[in-house]
Amino acid sequence: MALADLQLERLLQRSDLWRGDAYHPLQMGLDSGYPELNRHLGQGGWPSQGLCEIFCSSEGIGELSLALPLMRRLIPRQSREGSSAGLVSLVTPPHVPYPQSLAMQGIDVSRLLWVDTQTPKEQLWALEQILTSGASPLVLCWLEDLSVSQARRLQLACEKGESLCLCYLPSKVKEQAHPVPLRIALQPSTETSTEANTETGNARFFETQVDILKRRGGWPAPRFSLSLLPELLAQSLMLDVTKLQEQDKRLENELNKQQSGQILQGPWSA
């Protein structure tokens, strides 16, 4: 090893120097329920508090499934009566929450707070009040737009109430620079894999591409894919795909048998 390389290696081993591609989490986060996402977030999961922006290119790409494991952890369906667990708030979701589906995911729907508003001003006011109160450790909200000053105000509300807010925004807003600890962009995967995993017996359906645009303590992470379908739905789709593949195989075999018994010769044949 050259002298210059040896000196550089010694410098990199110093604890007071930071490499640009290294990640140094400030504290351990909340388990997201997705090992791949935890690894890329770099601190073991979601931040314990703060405003996290999630940009979605369209609806139905797993944006709510991304938060279900955390909701199940904070308000499990098996929670004891009289538990001091807080609430999980849904502020102006685009669709009416379906309690039966959430309950099937192991979530205590009696601990869910659904807040609906009429105007963006009312929406931001309600959101700030919930975050500041500290009664809801997790808040999910859906906004059409968010300015820098509004993002800063919501971030301060999260810090005051020690709350985590997952804020869903359209993709156009990600061009703005907001003072928040985490920014994630979701979009449908360009490829859909239906090949079964020989080890687990499961399949990966309709994967969602995840781009971590900003994370506290390190550079943005490279793009990766997550399968965000609930387990029961994924298993059901896997059975449907398997049946379709079996039907296609039977049709192909029957067609090959018919063609093998009907050899056509053209006028050029001897």
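To keep things clear, this report deals only with the structure shown in the data block. (Residues numbered from 1 in each chain as written. Predicted model: local features only at pLDDT ≥ 70, side-chain atom pairs only at ≥ 80, totals over all residues. Heavy atoms only, no water.)

## Re unusual backbone geometry
Okay, so step 1: Here Thr 92, not a glycine, exhibits a phi torsion of approximately 45°, which is positive.
Okay, so step 2: Looking at the element boundaries, Thr 92 is found in the loop between strand S2 (88–91) and helix H4 (99–104).
Okay, so step 3: Unusually for a residue other than glycine, Glu 162 sits at a positive phi of about 55°.
Okay, so step 4: Within the secondary structure, Glu 162 sits in the loop between helix H6 (148–161) and strand S5 (164–170).
Okay, so step 5: Look at Glu 162 and you get exposed, because its relative accessible area is 58%. (Helix = DSSP H or I, 4+ residues; strand = E, 2+ residues; numbered from the N terminus. Buried < 20%, exposed > 50% of the residue type's maximum accessible area, 1.4 Å probe, protein only.)

## Concerning helix H5 (residues 120–133)
Okay, so step 1: When the terminal C-alpha atoms of H5 are compared, their 20 Å separation across 14 residues agrees well with the 20 Å that a helix rising 1.5 Å per residue should span.
Okay, so step 2: Of the residues making up H5, those classed as buried are Gln 123, Leu 124, Ala 126, Leu 127, Glu 128, Ile 130 and Leu 131.
Okay, so step 3: Where the residues of H5 are buried, they touch S2, strand S3 (112–115), strand S4 (138–142), H6 and S5.
Okay, so step 4: The first or second residue beyond H5 is Gly 134, which carries a positive phi of 80°. (Expected span 1.5 Å × (residues − 1). Contact = heavy atoms within 4.5 Å.)

## Points about the nonpolar core
One recurring pattern in soluble globular proteins is that nonpolar side chains are buried together.
Okay, so step 1: Counting 35 residues, the largest nonpolar core has Trp 46, Leu 66, Met 71, Leu 140 and Leu 166 as the members making the most contacts within it.
Okay, so step 2: Leave out the neighbours within four places in its chain, and Met 71 touches Pro 76, Val 88, Ile 107, Leu 112, Leu 138 and Leu 140.
Okay, so step 3: Within the second largest apolar cluster, 23 residues are counted, among which are Leu 51, Ala 126, Ile 130 and Leu 146. (Core = buried A, V, L, I, M, F, W, Y, C linked by side-chain atoms within 4.5 Å.)

So yeah, pure geometry; function would need other evidence.
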